[in-house]
Amino acid sequence: MTYRLSVLDQTPIAEGSTAADALANTLDLARACDALGYDRYWLAEHHASPGLAGAAPEALIGPVALATKRIRVGSGGIMLPHYSPFKVAETFALLSALAPNRIDLGVGRAPGSDQRTAYALQRDRSKRMPHDDFPNNLAEMIAYFDDAMPADHPFAALGSTMPTGGGETEVWLLGSSPDSAIWAGEAGLPYCIADFINSSGAPLARTYRNHFKPSAHLAKPHVMVATWTIAAQTHAEAERLALPASMMMAHLIRGELIPVPSVETAERWAAANPAAPKRDRRVTLGTPAEVHAALDQVAAEYGADEMMLVNIMSDHAARRRSYELVAAEYGLAALAEAA
């Protein structure tokens, strides 16, 4: 294996259950992935969603870090346009003090919501926030971690006030567009490409590498690819487990948000709606060997240093089993032990 494997958890809420149930599942899956040998466990940010409970990854990272032992824990990601760069830096410095040298801060520009919800998240409702201020906010946030704010900046003194004792917080830029690839390269940050959103993202890796400038954080380009992945004992079972997410996506395309349906509900829906709209995206699924071969292909396409596996499933036991099967296929536990 030439790439590391990690997990992106969107904290799915199954139909008939609550956000509290989904959060308990997140903690259970994080403990399992820690023991299985995965490298990172990231929590996503989604707002106003009946199907995804992760509205505040910064609130979940602490409990997950304390429930695990060795795995890195982070955000996939914090949607920086909603927040003050100082607040984000201060929060993650505090999380790093809680779990030293195990915290990742992945930031993105997307709203993680519809436009109305994004507007509701703003503190200043007198105007809509400009979309082109992201690079400046990113630079400000990084400067707090490095205590490298220009001396004439009004917030220059705040860098020295960050919570201490947590070692380095690893900052990542997330994205699925050329803008994010350029910004990540110019900032000298590791870059996580959301292949599960944009499955034609391989050119982004090239753009990132072409624009990369070495920084205090990173000497050479580093790419992680987050891709949709489900493993099961048989290919047919993996396809069956993927149906709830397909049903959710078809409803999302129509502007309807729903909890994650059961496999049985999704099977009935699929039979009754054979022509339902589908979003074109890569789905890596099948037996562990099939998933391994497919991930090798995706990693080669991007030249990935790391792969991050994401899925939305209503059956928590099957979801946990999916990650167990992949970990066993790659021998992750032995690799983690050796490391």
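Here, the structure is the one placed above.
Residues numbered from 1 in each chain as written. Predicted model: local features only at pLDDT ≥ 70, side-chain atom pairs only at ≥ 80, totals over all residues. Heavy atoms only, no water.

## Notes on the environment of Glu-329
Then, in step 1: Counting through the fold element by element, Glu-329 comes out in helix H11 (residues 316-330).
Then, in step 2: In contact with Glu-329, not counting residues within four places along its chain, are Pro-288, Ala-289 and His-292. (Helix = DSSP H or I, 4+ residues; strand = E, 2+ residues; numbered from the N terminus. Contact = heavy atoms within 4.5 Å.)

## Quick look at the packing of aromatic side chains
Then, in step 1: Per the counting criterion, the structure on display carries seven aromatic pairs.
Then, in step 2: Pairing Tyr-38 with Tyr-323 gives two aromatic rings, centres 5.9 Å apart and planes at 85°, and the pair type is edge-to-face. Of this pair, Tyr-38 sits in the loop between helix H1 (19-36) and strand E2 (40-43) while Tyr-323 sits in helix H11, placing them 285 residues apart in sequence.
Then, in step 3: When the centroid spacing of 5.8 Å and the interplanar angle of 75° are considered together, the rings of Tyr-208 and Phe-212 count as edge-to-face. Phe-212 matches Tyr-208 in its accessibility class, with the two residues each being buried.
Then, in step 4: Each member of the aromatic cluster is reached from another via a ring pair, and the members are Tyr-191, Tyr-208 and Phe-212. (Phe/Tyr/Trp six-rings, centres within 6.5 Å; stacked < 30°, edge-to-face > 60°. Buried < 20%, exposed > 50% of the residue type's maximum accessible area, 1.4 Å probe, protein only.)

## Some thoughts on helix H2 (residues 57-67)
Then, in step 1: Those residues of H2 that sit buried are Pro-57, Leu-60, Ile-61, Gly-62, Val-64 and Ala-65.
Then, in step 2: Where H2 is buried, its residues touch H1, E2, strand E3 (72-79), helix H3 (85-98) and strand E4 (103-108).

## Notes on helix H8 (residues 235-253)
Residues spaced three or four apart along an α-helix face the same direction, because each turn holds 3.6 residues.
Then, in step 1: A rise of 1.5 Å per residue sets the reference length of H8, with its 19 residues, at 27 Å; its end C-alpha atoms lie 26 Å apart and thus fit the reference within 8%.
Then, in step 2: Along its length, H8 reaches its greatest deviation from straightness, about 35°, at Leu-243, and the proline Pro-244 lies no more than four positions downstream.
Then, in step 3: When H8 is considered as a whole, its buried residues turn out to be Ala-238, Leu-241, Ala-242, Pro-244, Ala-245, Met-247, Met-248, Met-249, Ala-250 and His-251.
Then, in step 4: Where H8 is buried, its residues meet strand E7 (223-231), helix H9 (263-272), strand E8 (284-286) and H11.
Then, in step 5: Where H8 terminates, the next one or two residues include Gly-255, which has phi positive at roughly 85°. (Expected span 1.5 Å × (residues − 1). Bend = angle between axes of the 7 residues up to and from the residue.)

## Here's the deal with the pattern of salt bridges
Then, in step 1: Summed over the entire model, instances satisfying the criterion amount to 19 salt bridges.
Then, in step 2: With a closest N to O distance of 3.4 Å, Arg-70 and Asp-34 form a salt bridge. Within this pair, whereas Arg-70 is found in the loop between H2 and E3, its partner Asp-34 is found in helix H1, the two being separated by 36 residues in sequence.
Then, in step 3: Taking relative accessible area as the criterion, Arg-70 reaches 35% and is therefore assigned partly exposed.
Then, in step 4: Under the relative-accessibility criterion, Asp-34 is labelled buried at 9%.
Then, in step 5: One network of salt bridges, with partners in common, ties together Arg-4, Asp-39, Arg-40, Arg-72, Asp-104, Glu-170 and Glu-306. (Salt bridge = Lys/Arg side-chain N within 4 Å of Asp/Glu carboxyl O.)

## Focus: the pairing of E2
Then, in step 1: Burial along E2 is two-sided: the face carrying Arg-40 and Trp-42 and the face carrying Tyr-41 and Leu-43 are both buried.
Then, in step 2: Pairing of strand E1 (residues 4-9) with E2 involves three bridges; the strand directions are parallel. Counted as the bridge partner of Asp-9 is Leu-43 from E2.
Then, in step 3: Of the crossover connections in this fold, the one passing from E1 over H1 to the parallel E2 is right-handed.
Then, in step 4: The pairing of E2 with E3 spans four bridges and is parallel. Across the sheet, the residue bridging to Tyr-41 is Val-73, located in E3.
Then, in step 5: Note that the unit made of E2, H2 and E3 has a crossover that is right-handed. (Pairing = 2+ DSSP bridges. Right-handed = clockwise from strand over helix to strand, strands pointing away.)

## Points about unusual backbone geometry
Then, in step 1: The peptide bond linking Gly-76 to Gly-77 adopts the cis configuration, its omega dihedral lying at 5°.
Then, in step 2: Positionally, Gly-77 belongs in strand E3.
Then, in step 3: Although it is not a glycine, Ala-48 adopts a positive phi angle of roughly 55°.
Then, in step 4: Mapped onto the elements of the fold, Ala-48 is located in the loop between E2 and H2.

## Some words on the environment of Val-107
Then, in step 1: Along the chain, Val-107 turns up in strand E4.
Then, in step 2: Separated by 32 residues in sequence, Val-107 and Ser-75 place their C-alpha atoms 7.3 Å apart.

## With respect to the pairing of E1
Then, in step 1: The buried fraction of E1 amounts to five of the six residues, a majority that puts the element mostly inside the structure.
Then, in step 2: Two elements, E1 and strand E9 (residues 306-310), share five bridges in a ladder whose sense is parallel. Considered in E9, the bridge of Leu-5 is made with Met-307.

## Some remarks on the nonpolar core
Then, in step 1: With 67 residues, the main nonpolar core has Leu-5, Tyr-38, Tyr-41, Leu-138, Met-141 and Met-307 as its most contacted residues.
Then, in step 2: Sequence-distant contacts of Leu-5, defined by excluding residues within four places in its chain, comprise Tyr-38, Asp-39, Arg-40, Leu-295, Met-307, Leu-309, Val-326, Tyr-330 and Leu-332.
Then, in step 3: With 33 residues, the next largest nonpolar core counts Ala-194, Ala-238, Ala-276 and Ile-312 among its residues. (Core = buried A, V, L, I, M, F, W, Y, C linked by side-chain atoms within 4.5 Å.)

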